[in-house]
Amino acid sequence: MSFPVVITGMGAVTVFGDGCTALFEALRKGESGLHELRGIAVARGKNRSAQIEDPRRTGPWRLSDMAVDAAREALAQAGGPAPGVTGLYVGTTGGDNRALEDRWDDFLAARRALSAGADPQVDDELAEAMVRFPIGVLADVLAHRLGIEGPRYAVTNACASGTTATAMALLALRQGTVDRAVVVGADHLKATSYWGAERAGFVGHDLRPFHADRDGSVLGDGAGALILERATDVAARGGTPLAGLAGWAITCDDNPHAIIPPEDGASNAEAIRLALADAGLAPEDIDYFNAHGTGTPLIDRLETASAKLVFGDRAGQVAISSTKSIVGHLAAASPIIEAIATVYCLTEQWVHPTAKLDRIDPALTLDYVPLRGRPQRIRAAVSNSLGGGGTNAVLAFRPQDSAPAAEGAFVPVPDVVVTGTGAVSRLGDGPDALEAAYGPGAAPERTRPYSVLDHIDAAAGYQYLSRSAQLGFGAAAQAMADAGLPVPLPAEGPLAGRRVAVVMGTAVGGLSAMAETLCPHLSADPTRITPSMSLDHGPQLAATLVCRAAGVTGPMVTLISGPAAGLQAVEVGRALLAAGACDIVIAGGGDAGDAPTRDAARLLASRQGRSVEEPADSAACVVLERADGARERGAPVRAVVTGCASWSEPQAPDRTDAAAGALTRALTAVGADGADRPHLSYHVGKGNLSDTGEVKLLASGFQPEALGGALAAGPLLAVVAAVARVAVEPGAAAIVSTVAPGGSAAALRLAGPDGGRG
């Protein structure tokens, strides 16, 4: 049994004010905090919002301020600094990118001036808005302002992002990667999210979950934070746990549509069952179900169906309520606020109500706790989150005094092997094209543009989705073919899709293309916006497309941690394999070198007086398996992953110099300093390896500059190249490393199929 994990601190910023106390008072009253939408043009009379109107919450960086304040409250309740390693896990769908969207006209003017050879006018705020547009930078800002050094991850799984981040933190605590985890979910309402969601049919005139007249959700602002620790550590320092975080699960819908979930609730029910199994709970132990509860007709029916599938005849005895009915839909912040509400209900042995539920839909026949809360015995609870693109993410909770004895052991990481690789770069498609990056001189660039139609029939419609999603799918398709995996995967058997996970990393995803499409219409005529303008560009869509095409219904995670995200995808994949959540992981990274991303890079480089490495269309992917499983199925073992780690220093997000200390920690963690023989070095990004102390590295001859600005794919493209090299050289081993702005570094150690024994 692994070490039990507990929650020791909580923090919240909502429409009701700062702090959990304000939130708890609102839950007690059971009254909606929605009010009139302000500052955004209203679509079709849908003029409600849960915006925070506190005059202190203004300015371009209001979201960062909210996230920092929520985290500070949680840290204060947890008892300040704790010994050991602290990890930061941030979930968001928009980060601080509203600042650039609000000034898109100025951004366009600067781009036109640059293109014309003139001197662009870029003020400090506009420059910072460009730096912070990649939404994962929110994690860098939080670490810098809070002074958090350690592993740092940014997650974007749509509205399930906060739960996904929490699950990752739980795994890290169980596996001994961190000793304390700070989990933050944060988002605020902006014009692009409002209009994109409204045009997709998601926004309603009011937010009334399970109501007979419900017609959609209502968006707002918010931030939530949790502090997680192992129960043994809390007891040793005399801390006070608030509740036990007992289990987690993530599944992907079995459904062909890229965004809309199936109504039968089967995939969601599977996630609930898996979370209960992970927690050591049975369905009959659950007395409270905190619903995703968006107030959309489809999702309310879906959750009702999933509850009936899990709880059976007892479903009507499980109290169900929607926190969103009170605080609004807060995107990635909602799962954390809902987890806090669940802990409050556990602590109080009381269930908060579903607001405005004065007439329940007669087709929905469960106990939705309408209008007024009530005392109730709660032995255990679940909190349910759904994310556009097919994510079902569930957390299971116990009261703090009913957790199992605080005994356990760290979950060992199994031997993990690479059985397939895929690559898309400016050198060409496939791992063989990367051979051009070895040696001096300029590498020849591809002569034929990448097309997703080389990997899937046009009838699937993938060519209409964001370029970054298409690139990620292409690399994954190559890697699966190389690993001998069928597409689609079978529903049952040793290669069942439910036992496969997809973890994708990106720096920007499709968000730049979305802004480029939506922002001009917002300035001119927002009624011209169509559903596809937002739905086709979600940063999580590369993972979604892989799952849809390959029949994957296991865990699906998208990391948006900048240039380190590709290597972190391998790191998270190893953690999922260690947890037994899957048998195979498709881990990748990709970004598009589109016009806004290229122009932002040029403008910032020109302003700072440095050379620019323009972003280029790039993606890379590896298939990971446990060594015993790969050999049992006769898979081609191409390399062994003997270590993978990331570390970050709390630097400002615009710091582009190398984080030598973070790089040293990452290299040390993967065993670079204790190896018996030198390793071939594949270093991508800024930094000088000579600054990191004594590491036994040899130049591999790989020239990462040949890849152009590959962003999240760059380090993973180097991994693909390194796998090819160690596979044919007996006893060979390699270290792939990277550093990124904001103080992050990551490293991965590879050995040949013989484990580096020669």
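A brief report on the enclosed structure follows. (Residues numbered from 1 in each chain as written. Predicted model: local features only at pLDDT ≥ 70, side-chain atom pairs only at ≥ 80, totals over all residues. Heavy atoms only, no water.)

1. Points about the overall build of the protein chain
Then comes step 1: For the protein chain, the count of helices and strands is 22 helices and 26 strands.
Then comes step 2: Taking 758 residues into account, the globule formula puts the C-alpha radius of gyration at 27 Å, and the protein chain, at 24 Å, falls close to it.
Then comes step 3: Once the C-alpha set of the protein chain is aligned to its principal axes, its extents read approximately 70 × 60 × 50 Å.
Then comes step 4: In the protein chain, buried positions account for 64% of the 758 residues.
Then comes step 5: A fraction of 79% describes how many contacts in the protein chain between residues 6 or more apart in sequence connect residues 24 or more apart.
Then comes step 6: Accessible surface, the protein chain: about 24,900 Å² in total, of which carbon and sulfur atoms supply 51%.
Then comes step 7: If the 62 positive side-chain charges of the protein chain are averaged to one point and the 82 negative ones to another, these points end up 2 Å apart. (Helix = DSSP H or I, 4+ residues; strand = E, 2+ residues; numbered from the N terminus. Rg over C-alpha atoms; globule rule 2.2 N^0.38 Å. Buried < 20%, exposed > 50% of the residue type's maximum accessible area, 1.4 Å probe, protein only. Contact = heavy atoms within 4.5 Å. Areas by Shrake-Rupley, 256 points an atom, 1.4 Å probe, with all protein chains shown as cover. Lys, Arg positive; Asp, Glu negative; His and termini not counted. Charge placed at Lys NZ, Arg CZ, Asp CG, Glu CD.)

2. A word on the environment of E73
Then comes step 1: Position of E73 among the secondary structure elements: in helix α2 (residues 62–78).
Then comes step 2: For E73, a relative accessible area of 25% puts it in the partly exposed group.
Then comes step 3: Taking the C-alpha atoms as reference, E73 lies 6.7 Å from M10; in sequence the two are 63 residues apart.
Then comes step 4: Aside from chain neighbours lying at most four places away, what touches E73 is M10, G11, A12, G19 and C20.
Then comes step 5: For E73, the side chain forms a polar contact with the main-chain nitrogen of A12, separated by 3.0 Å. (Polar contact = N/O pair within 3.5 Å; in protein donor to acceptor, adjacent residues only side chain to side chain.)

3. As for the pattern of salt bridges
Then comes step 1: Under the criterion given, the structure shown has 50 salt bridges.
Then comes step 2: Among the salt bridges present, the one from D18 reaches R57, with a minimum N-O distance of 2.7 Å. Residue D18 is located in strand β2 (residues 17–18), and its partner R57 is located in the loop between β4 (48–49) and α2; the two are separated by 39 residues in the primary sequence.
Then comes step 3: A relative accessible area of 36% means that D18 is categorised as partly exposed.
Then comes step 4: The class of R57 is buried, set by a relative accessible area of 5%. (Salt bridge = Lys/Arg side-chain N within 4 Å of Asp/Glu carboxyl O.)

4. Structural notes on the nonpolar core
Then comes step 1: Among the nonpolar cores identified, the biggest contains 124 residues, and Y89, L228, L624 and Y682 are the most heavily contacted of them.
Then comes step 2: Apart from the residues lying within four places of it in its own chain, the contact partners of Y682 are Y438, S700, F702, A718, A721, A722, R725, A734, I735, V736 and S737.
Then comes step 3: Counting 64 residues, the second-largest nonpolar core is a separate cluster that includes V68, L114, L219 and I529. (Core = buried A, V, L, I, M, F, W, Y, C linked by side-chain atoms within 4.5 Å.)

5. Comments concerning helix α13 (residues 333–348)
Then comes step 1: In this model α13 runs 23 Å from its N-terminal to its C-terminal C-alpha over 16 residues, within 8% of the 22 Å that 1.5 Å per residue would give.
Then comes step 2: Most of α13 is tucked away, with 14 of its 16 residues classed as buried.
Then comes step 3: Looking one or two residues past α13, Q349 carries a phi angle of roughly 50°, positive in sign. (Expected span 1.5 Å × (residues − 1).)

6. Brief notes about the packing of α2 against helix α6 (residues 137–146)
Then comes step 1: Contact pair α2 / α6: the axes reach a minimum separation of 10 Å and the direction vectors enclose 50°. Comparing their axes, α6 and α2 come out oblique. The two elements α2 and α6 cross, and the hand of that crossing is right-handed. On α6, the residues touching L63, S64, D65, A67, V68, A71 and R72 of α2 are L138, V141, L142, R145 and L146. (Axes fitted to C-alpha atoms, helices over the stretch in contact; angles between N-to-C directions. Parallel < 35°, antiparallel > 145°, perpendicular 65-115°, else oblique. Left-handed = near helix turned anticlockwise from the far one by under 90°.)

7. A closer look at helix α19 (residues 595–608)
Then comes step 1: The terminal C-alpha atoms of α19, which comprises 14 residues, lie 20 Å apart, in line with the 20 Å expected from a rise of 1.5 Å per residue.
Then comes step 2: Restricting attention to buried positions, one finds in α19 the residues P596, T597, D599, A600, A601, L603, L604 and A605.
Then comes step 3: Of the surrounding secondary structure, the elements contacted by the buried residues of α19 are α4 (104–115), α5 (124–132) and α15 (511–524).
Then comes step 4: After α19 finishes, the residue G609 shows a positive phi value of roughly 70°.

8. What to know about the pairing of strand β23 (residues 679–684)
Then comes step 1: Among the six residues in β23, six count as buried, and that is most of the element.
Then comes step 2: In this structure, β23 lies alongside strand β24 (residues 697–699), joined through three bridges in parallel fashion. When the sheet's bridge partners are listed, S681 is paired in β24 with A699.
Then comes step 3: Where β23 lies against strand β25 (residues 733–740), five bridges are found, and the strand directions are parallel. (Pairing = 2+ DSSP bridges.)

9. Regarding the side chain of T294
Then comes step 1: Relative to the assigned elements, T294 resides in the loop between β10 (288–291) and α11 (297–311).
Then comes step 2: Given a relative accessible area of 0%, T294 falls into the buried group.
Then comes step 3: One polar contact links T294 to T296, side chain to side chain, over a distance of 2.8 Å.
Then comes step 4: The contacts of T294, once residues within four sequence positions are left out, are F202, L207, G216, S217, I299, D300, K324 and H329.

10. Re the state of the cysteines
Then comes step 1: One pass over the full model with this rule turns up zero disulfides.
Then comes step 2: Not part of a disulfide, C519 finds its nearest cysteine sulfur in C159, a span of 19 Å.
Then comes step 3: On the accessibility criterion, C519 (3% relative accessible area) is buried. (Disulfide = S-S within 2.5 Å.)

11. Overview of the packing of aromatic side chains
Then comes step 1: As enumerated under the stated definition, the model contains 13 aromatic pairs in all.
Then comes step 2: Pairing Y438 with Y682 gives two aromatic rings, centres 6.3 Å apart and planes at 90°, and the pair type is edge-to-face. Of this pair, Y438 sits in the loop between β17 (428–429) and α14 (467–482) while Y682 sits in strand β23, placing them 244 residues apart in sequence. Each member of the pair, Y438 together with Y682, is buried.
Then comes step 3: An aromatic cluster is built from F24, Y344 and W350, whose rings are joined through pairwise contacts. (Phe/Tyr/Trp six-rings, centres within 6.5 Å; stacked < 30°, edge-to-face > 60°.)

12. Digging into the pairing of strand β26 (residues 744–751)
Then comes step 1: Of all eight residues in β26, eight are buried, a share of seventy percent or more.
Then comes step 2: Because side chains alternate across β26, one face comprises the buried residues S744, A746, L748 and L750, and the other comprises A745, A747, R749 and A751, equally buried.
Then comes step 3: Hairpin remark: β25 followed by β26, antiparallel, with three residues in the connecting loop; positive phi at G742, about 90°.

13. Side note on the environment of R426
Then comes step 1: Structurally, R426 can be placed in the loop between β16 (416–425) and β17.
Then comes step 2: Not counting residues up to four positions away in its chain, the partners in contact with R426 are P444, E445, R446, A616, D617, E705, A706, L707 and G708.
Then comes step 3: A polar atom in the side chain of R426 sits 3.0 Å from the backbone oxygen of A706.

By themselves, these observations are geometric and do not establish any function.
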